[in-house]
Amino acid sequence: MRLSELAQRVGGSVEGDGDRELDGVATLARAGAAQLSFFVNRRYRRQLTDTRAGAVVLAPDDRELFAGPRLIADNPYLAFARAAALLHPLPVPAPGVDPSARIHADARLGRNVQVQARAIIEAGVHVGDGAQIGAGCYLGEGVVVGAGSRLAPRVTLLAGTQLGARCLIHPGAVLGADGFGLANDRGVWVKVPQLGRVVVGDDVEIGANTTIDRGALDDTLIGNGVKLDNLIQVAHGVRIGDHTAIAACVGISGSTVIGRHCVIGGGVGFVGHLEICDGVTVTGMSMVAQSITRPGVYSGIPAEEARRWRRNIGRFHQLDELARRLLRLERTSKDPHE
Amino acid sequence: MRLSELAQRVGGSVEGDGDRELDGVATLARAGAAQLSFFVNRRYRRQLTDTRAGAVVLAPDDRELFAGPRLIADNPYLAFARAAALLHPLPVPAPGVDPSARIHADARLGRNVQVQARAIIEAGVHVGDGAQIGAGCYLGEGVVVGAGSRLAPRVTLLAGTQLGARCLIHPGAVLGADGFGLANDRGVWVKVPQLGRVVVGDDVEIGANTTIDRGALDDTLIGNGVKLDNLIQVAHGVRIGDHTAIAACVGISGSTVIGRHCVIGGGVGFVGHLEICDGVTVTGMSMVAQSITRPGVYSGIPAEEARRWRRNIGRFHQLDELARRLLRLERTSKDPHE
Amino acid sequence: MRLSELAQRVGGSVEGDGDRELDGVATLARAGAAQLSFFVNRRYRRQLTDTRAGAVVLAPDDRELFAGPRLIADNPYLAFARAAALLHPLPVPAPGVDPSARIHADARLGRNVQVQARAIIEAGVHVGDGAQIGAGCYLGEGVVVGAGSRLAPRVTLLAGTQLGARCLIHPGAVLGADGFGLANDRGVWVKVPQLGRVVVGDDVEIGANTTIDRGALDDTLIGNGVKLDNLIQVAHGVRIGDHTAIAACVGISGSTVIGRHCVIGGGVGFVGHLEICDGVTVTGMSMVAQSITRPGVYSGIPAEEARRWRRNIGRFHQLDELARRLLRLERTSKDPHE
């Protein structure tokens, strides 16, 4: 594909040779003459200077940093993402049901569905048009998979789980296991039946070995466009708003509600029954122990406004010295007459 | 079922119309006239006022807060849990072995066992009466599953693992993988053979994608009535006492012993070779770095008594200000004659 | 096997009865007259006194602590590991392909390969000589498994993943899922195609339910002799140097490079795009937020040199008291004339 055509399709303008033919993408360090690369992080400026890439995507402010063919875009990473998707299109799954898949007579499959080897599809399941069910997946009773969704091999959707359209679920993810609901009877735990479902919107991505529990009474809800990384725990009754992205190893306790357009860093923990408003960013490994009512950036254990946390944690690194100075001050300020 | 019958079976007294017919449970916000709800958290008092639930379970002290039919119980959440189990009984698994399951000739199945599609059961396995083995489970050589235990789809029990009676194991759980035992030979890691087993008591629940490693020499032991949430790591040689509950994303390092009736919050980490006595609560995201010999509540990184930790973490949030005040004091207290 | 023969094969010298016959290993507390035990941790000295072990491995300095037959070695744990491997040899997997395994016509299997029940091997896969593919494993297109590698049941290697020789992968591990690559288009996340692979060296062990994402553009690289425990997240583009060991529940963000011979404790988090030099130890539950350029031990949130962190965290535990003393000092030092 020529650079000029690519620019037109991803939204950007060309500077330099727009006829440059490109057949793939690569990092600045490895790209060759037929490959497109991108530049957004100034720490890689040296690599930009040395690159042999056929063309580079850059922001308008960086246009002078590269002399070769370039694609200028206000959001270069977004333009690059789109270009990469055009140059490396995902193969369309060939429709068809593998003979080793086991599909209950009461399940309904849409048109152009692909079901891979050894998948198990129970009664009452509905798989939408063009969906792909990976090898060895398990879809329990009454599961719904929306049109165009793709399940990688070995995904587990337990009874009643609903997925919207165009979702992508990675291996080992478990949706719809029982929430951790326990009442205590003089020291012995009694299980609280978990009667809700997991309901997932459209365009959601769920990472490998991530777990989303069914609601105890109401459903656990994952909004449209939510992106969950690997090894995340979403407890019963949690609700995650549209277009929120959550990095790996996060744990969200029961009934906590996270707003829309939030960004949660890796390893963050949320206690239960909180409300986090829209537009909140939480930096990695923070513990969110209270509801958050104002958009902004939060950090720390427990989390506070990131600006304050940075100042406090900076002082923590001086703490031993500060304590010594306090003790010295106490000594020198002792009244000699006492 | 009538409210009066329910009250009699779960332990509680009726106030108002005991003939109210109930066919299910729901939250205060969603319950209808034939549904039972419950009230334990005062923050939901508004929902109690507005509820259209057919009946509500409340504590004696809250009996005046709701005028409709009510079930009064000293532990309302426990009474509700039992009522929910009565109104929404788990289906008894229909006995039978799916023809696609693969069961070694030397395995023994008890009476009324259900084995679902594509399960693999190796030599020497013993499955107790009434147990359920989910689709695609793997039971390695010599595994024992006690009577009435239920394995959800895709559970992995490696060779020698023993489960007691009435356990419930969720998808993706792995019991009996090798512990992380390594000796170092001038920079190169040498594997230490992992020769122990995982031995689990009765009435244990184990969450999705939780991992419990086999012991290096002695067995890893999980006591009766223990409840483990999702994505927990239990290392080799750990012992967990009866009726201890552990929330998601906890990591327990090798050979640590946790007592009975402990409650461990989400994301907590334990270093290895510790002894935690009975009756300890650890709040979420704490790091337990030393043995604990007195029951109580512990918090922090590293964990200390929660009361002390709350005071210290409160001061941490003032740390930058405290440091500034210290510096100011140093300046003003300088002897002008120096 | 006689103690003297064992000593000769693992490297060590015998004191006492070298003709003692040994047929296994056990802990000091449980070993009997035909079992070998070891002593490295002084806290178990009482057990050494009481042991009925047939022989004990000890360091030269501890040789006086036990009167029975003993194997003296400079690194007793290493000698014990080797002795355990000799006394409890792993069974060599019997070659053969289970008829229920599904192997694509274009896959190539080496000599003496074992493929267990229900494994799925896609086109272009190459399995090296003597490798073992566990029950229900999934090997996507073009996967390479080196000679002598062993995959436990239910391992997922997605398309293009390469494993070296003599690797050991535990159940639930997922290699090659998409990295978490997202660009933001006015609030909506756009997926960045993940085009790299996962490439793993020789003699690598990967724990249960650990996830290693494929690179976005360049490959994710795991060096020779690396040991990864359970429930670890390795993001796209991470590189881990040879002979580095990482304990459970660690999360490593994208493009971070960890050097050789590092030791990472449980629950540690790394932010992205860092460089950690060779020979770094990070203690458990630390957050590494900056690159590390000097070998040594690091701790804390965020991580600093362990020695400094220990002093600061010690002061943290006095923080409330220190703050009170500061306030008292402020009061007493107020100039009465002000």
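Starting from 1, residues in each chain are numbered consecutively following that chain's sequence as written. Just so you know, chain letters begin at A and ligand numbers begin at 1, following the order they were written in. Two thresholds apply to this predicted model, a pLDDT of at least 70 for residue-level local features and 80 or more for giving and counting side-chain atom pairs, whereas whole-chain, interface and lining totals are computed over all residues. Values shown for side chains rest on all heavy atoms present in the structure; no hydrogens or waters enter the calculation.

### Quick notes on the overall build of chain A
- Within chain A one finds 5 helices and 38 strands.
- Based on C-alpha atoms, the radius of gyration is set beside the globule rule, defined as 2.2 Å times the residue count to the power 0.38. Taken over the C-alpha trace, chain A has a radius of gyration of 26 Å; the compact-globule value for 338 residues is 20 Å, which it surpasses by more than 25%.
- Projected onto its principal axes, the C-alpha coordinates of chain A cover approximately 95 × 70 × 30 Å.
- Three labels apply to residues, based on accessible area from a 1.4 Å probe with only protein chains included: buried if under 20% of the type maximum, exposed if over 50%, partly exposed otherwise in between. When the 338 residues of chain A are sorted by exposure, 58% land in the buried category.
- By definition in these notes, contact holds between two residues if any of their heavy atoms fall within 4.5 Å. Summarising the internal contacts of chain A: among those between residues at least 6 apart in sequence, 17% fall at separations of at least 24.
- Only the protein chains shown count as cover for residues, with accessible areas throughout obtained via the Shrake-Rupley method and a probe of 1.4 Å. Element-wise, carbon and sulfur atoms account for 48% of the exposed surface of chain A, whose accessible area totals about 13,500 Å².
- Counted as positive: Lys and Arg. Counted as negative: Asp and Glu. His and the chain ends are not counted at all. Every charge is mapped to an atom, namely NZ of Lys, CZ of Arg, CG of Asp or CD of Glu. Charged side chains in chain A number 37 positive and 35 negative. The centres of these two groups are separated by 4 Å. Working definition: helices are DSSP H or I runs of at least four residues, strands are E runs of at least two. Numbering for both runs from the N terminus.

### A closer look at the relation of the copies chain B and chain C
- C-alpha atoms of residues with pLDDT of at least 70 in both copies form the basis for the least-squares superposition of the copies. Screw-axis analysis of chain B against chain C gives a translation of 0.0 Å along the axis, an RMSD of 0.1 Å, and a rotation angle of 120 degrees. On this basis, the relationship between the two copies can be described by a three-fold rotation axis.

### Focus: the pattern of salt bridges
- A side-chain nitrogen of Lys or Arg and a carboxyl oxygen of Asp or Glu constitute a salt bridge if their distance falls within 4 Å. On inspection of all chains with the given rule, the structure shows 72 salt bridges over all chains.
- Taking the shortest distance from any N to any O, the salt bridge between Arg186(C) and Asp185(C) comes out at 2.9 Å.
- For Arg186(C), a relative accessible area of 76% corresponds to the exposed category.
- What you see here is one network of salt bridges that share partners, running through Arg311(A), Arg315(A), Asp320(B) and Arg324(B).

### A short note on unusual backbone geometry
- Each neighbour pair has its own omega, and for Ile301(A) with Pro302(A) the value is -5 degrees, a cis peptide bond.
- Of note, Asn209(B) is a non-glycine position whose phi angle comes to about 60 degrees, a positive value.
- Mapped onto the elements, Asn209(B) comes out in the loop between strand E23 (205-206) and strand E24 (211-213).
- Here Asn209(B) falls in the buried class, since its relative accessible area comes to 1%.
- Although it is not a glycine, Arg186(C) adopts a positive phi angle of roughly 45 degrees.
- In this fold, Arg186(C) is placed in the loop between strand E20 (182-185) and strand E21 (188-191).

### Topic: the UniProt feature "active site" (unreviewed entry) in chain A
Residue and element names in this part refer to chain A.
- UniProt positions are given in the numbering used here, feature names are shortened, and annotations may be inferred rather than shown by experiment. UniProt records the feature "active site" (unreviewed entry) at His 236, using the numbering of this structure.
- The topology assignment puts His 236 in the loop between strand E27 (233-234) and strand E28 (239-240).
- Not counting the four nearest positions on each side in its chain, His 236 is found in contact with Gly 179, Phe 180, Gly 181, Gln 194, Asp 213, Arg 214, Gly 215, Ala 216, Thr 220, Gly 254 and Ser 255.
- Nitrogen and oxygen atoms within 3.5 Å of one another constitute a polar contact, given that in protein one can donate a hydrogen and the other can accept it, and given that sequence-neighbouring residues count only through two side-chain atoms. Looking at His 236, its side chain comes within polar contact range of the side chain of Gln 194, at 2.7 Å.

### Observations concerning the sheet that holds E24(B)
Residue and element names in this part refer to chain B.
- If DSSP finds at least two bridges between two strands, the strands pair. Across the sheet, 10 strands lie side by side as E7-E10-E13-E16-E19-E24-E27-E30-E33-E36; this open sheet has parallel pairing. Unpaired on one side and paired on the other, strand E7 (102-103) and strand E36 (287-288) mark the two borders of the sheet.
- As paired elements, strand E16 (residues 156-157) and strand E19 (residues 174-177) share 2 bridges and run parallel to each other. Looking at E19, one finds that Thr 156 is bridged to Val 174.

### Notes on the domain arrangement of chain A
- An automatic or database domain assignment supplies the start and end points of every domain. Assigned domains of chain A: these are domain 1 (3-87) and domain 2 (96-281).
- On a C-alpha basis, the centroid separation for the pair domain 1 of chain A and domain 2 of chain A is 37 Å.

### Description of helix H5 (residues 319-333) of chain B
- With 15 residues, H5(B) extends 21 Å between its outermost C-alpha atoms, agreeing within 8% with the 21 Å of an ideal straight helix rising 1.5 Å per residue.
- Those residues of H5(B) that are buried lie in contact with helix H4 (306-316) and helix H5 (319-332) of chain A, helix H4 (306-316) of chain B together with helix H5 (319-333) of chain C. By this rule the span expected of a helix is its residue count minus one, scaled by 1.5 Å.

### Comments concerning the interface of chain B and chain C
- Facing 61 residues of chain B, the contacting portion of chain C comprises 62 residues.
- By convention, the term buried area covers the 1.4 Å-probe accessible surface removed from two parts as they join, with the contributions of both added. Together, the buried faces of chain B and chain C total about 4,900 Å²; carbon and sulfur atoms form 65% of this surface.
- Looking only at chain B, the three residues that lose the most surface to chain C are Phe180(B), Trp189(B) and Arg315(B), adding up to 14% of its buried area.
- Here chain B is connected to chain C by 7 salt bridges.

### Quick word on the side chain of Asp229(B)
- Within the secondary structure, Asp229(B) sits in the loop between strand E26 (227-228) and strand E27 (233-234).
- Nearest to the buried, unbridged Asp229(B) among oppositely charged side chains is Lys191(A), at 9.5 Å.
- If sequence neighbours within four positions are ignored, Asp229(B) has contacts with Phe180(A), Asp213(A), Gln233(A), Gly207(B), Thr210(B), Ile246(B), Ala247(B) and Ala248(B).

### Considerations on the environment of Ala55(B)
Residues and elements named next belong to chain B.
- Tracing the sequence through the fold places Ala 55 in strand E4 (residues 55-58).
- Judged by relative accessible area, Ala 55 falls into the buried class, the value being 0%.
- With 71 residues separating them along the chain, Ala 55 and His 126 place their C-alpha atoms 45 Å apart.
- When sequence neighbours within four positions are dropped, the list of residues in contact with Ala 55 reads Leu 3, Leu 22, Gln 35, Leu 36, Ser 37 and Pro 69.

### With respect to the interface of chain A and chain C
- Across the boundary between the two partners, chain A contributes 62 residues, which contact 62 residues of chain C.
- Overall, the association of chain A and chain C removes approximately 4,900 Å² of surface from exposure, summing both partners, and the carbon and sulfur fraction of that is 64%.
- Here chain A is connected to chain C by 7 salt bridges.
- Its salt-bridge partner being Arg82(A), residue Asp185(C) comes within 2.7 Å of it at the nearest N-O pair.
- Of all the secondary structure elements, the ones that give two or more residues to the side of chain A that touches chain C are helix H3 (76-87), strand E26 (227-228), strand E29 (245-246), H4 and H5 of chain A.

### A look at the sheet that holds strand E16 (residues 156-157) of chain A
- The strand order across the open sheet built from 10 strands is E7-E10-E13-E16-E19-E24-E27-E30-E33-E36 (chain A), with neighbouring strands paired in parallel fashion. In the strand order of this sheet, the two ends are held by strand E7 (102-103) and strand E36 (287-288) of chain A, each with one partner.

### Concerning the environment of Ile292(A)
All names here are of chain A.
- For Ile 292, the location among the structural elements is in the loop between E36 and strand E37 (296-299).
- Along the backbone, Ile 292 and Asp 278 are 14 residues apart, and their C-alpha atoms lie at a distance of 9.3 Å.
- Ignoring any residue separated from it by four or fewer positions in sequence, one finds Ile 292 in contact with Glu 275, Ile 276, Cys 277, Val 280 and Tyr 298.

### Digging into the pairing of strand E3 (residues 35-38) of chain A
All names here are of chain A.
- Bridge count between strand E2 (residues 24-25) and E3: 2 bridges; the pairing is parallel. Looking at the pairing, Gly 24 lines up with Gln 35 of E3.
- Sheet analysis places E3 next to strand E4 (residues 55-58), joined by 3 bridges and oriented parallel. Residue pairing in the sheet places Ser 37 in a bridge with Val 56 of E4.

### Considering the pairing of E21(C)
Residues and elements named next belong to chain C.
- Bridging between E20 and E21 involves 4 bridges; their strand directions are antiparallel. Of the residues in E21, the one forming a bridge with Asn 184 is Trp 189.
- Where E20 folds back on E21, the antiparallel hairpin that results is connected by 2 residues, among which Arg 186 adopts a positive phi of roughly 45 degrees.

### Let's talk about the state of the cysteines
Residue and element names in this part refer to chain C.
- Note on terminology: disulfide denotes any pair of cysteine sulfur atoms within 2.5 Å. Using the criterion set out here, one finds 0 disulfides over all chains in the structure.
- Looking at Cys 167, it has no disulfide partner, and the nearest cysteine sulfur is the one in Cys 137, 13 Å off.
- Overall, the relative accessible area of 1% leaves Cys 167 in the buried class.
- Unpaired in this structure, Cys 262 has its nearest cysteine sulfur neighbour in Cys 277, at a distance of 6.7 Å.
- Here Cys 262 falls in the buried class, since its relative accessible area comes to 0%.

### Focus on the packing of aromatic side chains
Residues and elements named next belong to chain A.
- In this analysis, rings of Phe, Tyr and Trp, with Trp reduced to its six-membered ring, are considered paired at centre separations within 6.5 Å, and the interplanar angle assigns stacked below 30 degrees, edge-to-face beyond 60, and tilted for intermediate values. One pass over the structure, following the stated rule, counts 6 aromatic pairs over all chains.
- When the centroid spacing of 5.4 Å and the interplanar angle of 40 degrees are considered together, the rings of Phe 38 and Tyr 77 count as tilted. Highlighted residues: Phe 38 in strand E3 and Tyr 77 in helix H3, separated in sequence by 39 residues.
- According to the relative accessible area criterion, Phe 38 is buried, its value standing at 18%.
- A residue is classified by how much of its surface remains accessible, and Tyr 77, at 25% relative accessible area, is partly exposed.

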